[in-house]
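Results of the structural survey
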Amino acid sequence: MKIRQHEENNVGGLHNTLTTGTSVVGTITTDTDFRIDGKVEGEISCQGKIVVGPKATIIGNIQADNAEIQGYVKGNLAIAEKLFLKASAVIEGDIESQTLEIEPNARFNGACVMRTVDKV
């Protein structure tokens, strides 16, 4: 399995990478940012930002603080803050997010629920 942990994200913390040509079947849980360029069949829980690369395939639900989708996802996305669908994204599932940005040509087939920010 080619999962690499790097020390170079925006806030100087760690992030993980699942490289092209690598497949994982099962549940993935991470407290750091995560970039996927391979294939995952299973649930993903990320306490940071998840990036699904343009050649990546995810079959399963994704839960994360933030997400950028460039590849294919068949499953539901529960994103706490911002979800960004790039032009190459294909989503087959429901979306729940606080903020949603969709580039032209991105494809999304499902329902969408926009959460509001709770004021304290």
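One structure accompanies this document, and this report is about it. Predicted, not measured: the structure shown is a model, and the values here were computed from it.

Before going further, it helps to spend a moment on the packing of aromatic side chains. A full pass over the atoms with the stated rule returns zero aromatic pairs. Between Lys82 and the ring centre of Phe84, over which it is positioned, the NZ or CZ distance is 5.9 Å.

Here we come to the pairing of strand β5 (residues 33–36). Burial of β5 is one-sided: the residues Phe34 and Ile36 facing one way are buried, the residues Asp33 and Arg35 facing the other way are not. Here strand β2 (residues 15–18) runs beside β5; their pairing, made up of four bridges, is parallel. Bridged to Leu18 within β5 is Ile36. Where β5 and strand β7 (residues 44–52) come together, three bridges link them in parallel fashion. Each bridged residue has a counterpart across the sheet, and for Ile36 the counterpart in β7 is Val52.

Judged by nonpolar contacts, the single largest core of 25 residues is most densely connected at Ile36, Ile44, Ile50, Ile62, Ile69 and Leu77. If you list the elements that add at least two residues to this core, you get β5, β7, β9 (62–69) and β11 (77–85).

With that settled, consider the pairing of strand β13 (residues 95–102). Sheet topology note: the β11/β13 ladder contains seven bridges and is parallel. Following the sheet pairing, Leu83 is matched in β13 by Leu100.

All right, on to the pattern of salt bridges then. On inspection of all chains with the given rule, the structure shows six salt bridges. Lys49 is the partner of Glu68 in a salt bridge, and the nearest nitrogen-oxygen pair spans 3.7 Å. Taken as a pair, Glu68 in strand β9 and Lys49 in strand β7 lie far apart in primary sequence, 19 residues in all. Here Glu68 falls in the buried class, since its relative accessible area comes to 15%.

Right, let's talk about the sheet that holds strand β12 (residues 90–92) for a bit. Read from one edge of the open sheet, six strands run β3-β6-β8-β10-β12-β14, paired in parallel fashion. The sheet is open, and its two borders are formed by β3 (23–25) and β14 (107–109), each paired with just one other strand. Strand-to-strand twist of the sheet, defined as the mean angle between neighbouring strand axes without regard to direction, takes the value 5°.

Each value, and the rule that gives it
- Residues numbered from 1 in each chain as written.
- Predicted model: local features only at pLDDT ≥ 70, side-chain atom pairs only at ≥ 80, totals over all residues.
- Heavy atoms only, no water.
- Phe/Tyr/Trp six-rings, centres within 6.5 Å; stacked < 30°, edge-to-face > 60°.
- Lys NZ or Arg CZ within 6 Å of the ring centre and 35° of its normal.
- Buried < 20%, exposed > 50% of the residue type's maximum accessible area, 1.4 Å probe, protein only.
- Helix = DSSP H or I, 4+ residues; strand = E, 2+ residues; numbered from the N terminus.
- Pairing = 2+ DSSP bridges.
- Core = buried A, V, L, I, M, F, W, Y, C linked by side-chain atoms within 4.5 Å.
- Salt bridge = Lys/Arg side-chain N within 4 Å of Asp/Glu carboxyl O.
- Axes fitted to C-alpha atoms, helices over the stretch in contact; angles between N-to-C directions.

By themselves these figures say nothing about function.
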